[in-house]
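Spelled out from the first residue to the last, the chains are:
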Amino acid sequence: MGRPLLNRRLDGLGTTIFAEMSALAATTGAINLGQGFPDTDGPEEIREAVVAALRDGHNQYPPGPGIPDLRHAIAEHRQRFYGHLDGRAYDPDTEVLVTTGATEAIAAALLALVEPGDEVVALEPYYDSYAACIAMAGGVRVGVPLRPPTFDLDIDALRAAITPRTRLLMLNTPHNPTGKVLTREELTAVAQLAVEHDLLVITDEVYEHLVFDGEHIPLATLPGMRERTVTISSAGKTFSFTGWKIGWVCATPELVAAVRTTKQFLTYVSGGPFQPAVARALRLPDSYYEGFAADMRAKRDVLVSGLEAAGLTVYRPQGTYFVTTDITPLGFDDGLDFCRKLPELCGVVAVPEKVFFDDTPESQKIGRPLVRFAFCKREVVLREAAERLATLH
C-alpha cells in the first residue's frame with residue numbers, strides 16, 4: 001500500500017518502553033526492576049473472593065457502570081479516606097464508573113472531553129499512555145517539566161503553558177515516575193488556575209495509598225474543583241493484583257456520563273468475577289492500608305540504599321513504588337542507552353525516563369540522564385539487584 005498504515009496522530013508511538021525492557025529482562029534473565037508490577041500477590045482473602053465469584057456465577061457481562069456493590073464500595077472508600085477534607089460523598093449510582101483499569105479510564109476521559117486541536121497540559125515526565133491517548137483524541141500535548149532534585153511543580157511555568165486553546169489539565173499525584181507528592185500549596189495553585197481559566201482536570205491517583213512523606217490530597221476536594229475534576233484510581237497498585245485491571249472514575253454526573261459514553265464503545269464491561277473481590281478489598285481495615293504502605297516504604301529504603309551504593313544520584317521518592325536516579329556519576333549521559341546495556345553490565349533492567357518527556361530540547365535535556373527503578377518486589381530480589389548494581393561502581 002502507498003499510504004502509511006498507522007494513523008498520523010500516533011506517529012512515534014510504537015512499542016512501549018515497558019514491553020521493550022520486559023522483553024529484554026526475559027531474554028537475558030536479568031532482574032526486572034523496569035515495569036511496575038509486584039512479584040507477589042495481594043491478600044489471600046481477596047484472591048479467594050475471585051474464586052468464590054467464579055463459582056457463584058459472576059461470569060457474564062456485569063452492568064455497564066460496574067456492579068452496584070463495587071460502586072458503593074468505591075464511594076465508601078472515597079468518603080472514608082477523604083471525606084474529612086470536604087465532607088462531600090460521591091453518589092455510587094451517578095458519580096462512579098468502573099473501568100478496565102485506570103488506563104482505560106484515562107483513555108475514555110480524554111476521548112470524551114478533548115476536541116481535536118484542544119491543548120492538554122500534562123506534567124513531565126508522564127505515564128506513556130497520556131501522550132498516546134491525547135494523540136488519539138486529536139489533542140495537542142503541552143508539557144510542564146518537573147525538575148530534579150525536588151520535582152516541585154513550577155506554578156509560573158504551568159500558568160505560562162495555559163492558552164486560550166487549553167481545555168484540560170492532567171495531574172498525577174503521587175507522581176509516576178518521580179515519586180513526587182503534590183503539596184496542598186501546589187494543588188491549591190492548580191485549582192486557582194483551573195477555576196480562573198475554566199479548565200477541566202483529570203487526576204490520576206492510582207498510588208493514593210503509597211505515600212511515604214507528605215499527604216495525598218485529592219484535587220477534587222479543593223474549592224471549585226469537584227465540578228470540573230475527573231478523579232481516576234484503580235485496584236491494581238493498592239492491592240497488588242495488577243492483572244485484574246479494575247479501575248474507576250469519580251466525578252459529577254455530567255462528567256461521568258461523558259466518560260461512560262466513550263467507555264461503552266471501548267470495552268463496554270470487563271472483569272465480572274473480579275469486581276465483587278475488589279469491592280471486598282476496598283473495605284479492608286485500616287491496618288491493611290497502613291501495613292501495605294509500611295512494607296513498600298521499607299522496600300524503597302532497601303533499593304535507595306543499593307542505588308546510592310552503586311554510585312547513582314538518587315532522588316528519594318515521597319510516594320509510588322519507583323525511584324528516579326541520575327546516571328551521570330557512572331559516566332553515562334543517555335538513559336535509554338544505559339538501560340539497553342544494563343542487563344549485560346550487571347543483570348538488572350530499568351526504564352529510561354527520557355521516553356516520558358516531550359521531544360523538545362529542553363525536556364530531553366532534563367530527561368536524558370534519568371532512569372527509573374521499581375521497588376515493588378520481594379526484599380530478597382531487591383537485595384540481589386543491589387548487589388549486582390554495586391558492580392557498576
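Thresholds applied
- Residues numbered from 1 in each chain as written.
- Predicted model: local features only at pLDDT ≥ 70, side-chain atom pairs only at ≥ 80, totals over all residues.
- Heavy atoms only, no water.
- Axes fitted to C-alpha atoms, helices over the stretch in contact; angles between N-to-C directions.
- Helix = DSSP H or I, 4+ residues; strand = E, 2+ residues; numbered from the N terminus.
- Parallel < 35°, antiparallel > 145°, perpendicular 65-115°, else oblique.
- Contact = heavy atoms within 4.5 Å.
- Nonpolar A, V, L, I, M, F, W, Y, C, P; charged D, E, K, R; others polar.
- Left-handed = near helix turned anticlockwise from the far one by under 90°.
- Buried < 20%, exposed > 50% of the residue type's maximum accessible area, 1.4 Å probe, protein only.
- Pairing = 2+ DSSP bridges.

### Considering the packing of helix α11 (residues 286-309) against helix α14 (residues 379-389)
Then step 1. In the contact formed by α11 and α14, the axes pass within 8 Å of each other and the chain directions differ by 10°. Accordingly, the angle class assigned to the pair α11 and α14 is roughly parallel. Residues K299, V302, G306 and L307 of α11 pack against E379, L382, R383, A386 and L389 of α14.
Then step 2. Here the contact of α11 with α14 is built from residues that sort into 5 nonpolar, 1 polar and 3 charged.

### Focus on the packing of helix α4 (residues 101-113) against helix α5 (residues 128-136)
When two helices pack together, their arrangement is given by the angle between their axes and by how far apart the axes lie.
Then step 1. Packing of α4 against α5 leaves a shortest axis separation of 9 Å and a crossing angle of 30°. Between α4 and α5, the angle falls in the class roughly parallel. Considering only the axes of α4 and α5, their crossing is right-handed. Contacts between α4 and α5 involve T103, I106, A107, L110 and L111 on the former and, on the latter, S129, Y130, C133, I134 and M136.
Then step 2. Across the contact of α4 with α5, the residue classes tally to 8 nonpolar, 2 polar and no charged.

### With respect to helix α10 (residues 274-282)
Then step 1. Across the 9 residues that make up α10, a large majority, 7, are buried.
Then step 2. Those residues of α10 that fall on the buried side of the exposure criterion are Q275, P276, A277, V278, A279, A281 and L282.
Then step 3. Looking at the packing, one finds that the buried side of α10 touches α2 (44-55), α3 (68-86), β2 (96-99), α8 (236-239), β8 (247-250) and α11.

### Details of the side chain of T238
Then step 1. In this structure, T238 sits in helix α8.
Then step 2. The buried category is assigned to T238, whose relative accessible area is 4%.
Then step 3. Leaving out residues up to four positions away in the same chain, T238 has contacts with V206, H209, Y288, Y289 and F292.

### Thoughts on the sheet that holds β2
Then step 1. Here we have 7 strands laid out as an open sheet, ordered β2-β8-β7-β6-β5-β3-β4, and mixed in their pairing. Only two strands of the sheet have a single partner each, and these edge strands are β2 and β4 (140-145). Across the sheet, the mean angle from the axis of one strand to that of its neighbour is 20°, orientation sign disregarded.
Then step 2. With 4 bridges joining them, strand β3 (residues 119-124) and strand β5 (residues 166-172) adopt parallel strand pairing. Its bridge partner lying in β5, E119 is registered against T166.
Then step 3. Running over the sheet, α4 touches β2, β3, β5, β6 (200-204), β7 (229-234) and β8 and is turned about 160° from β7.

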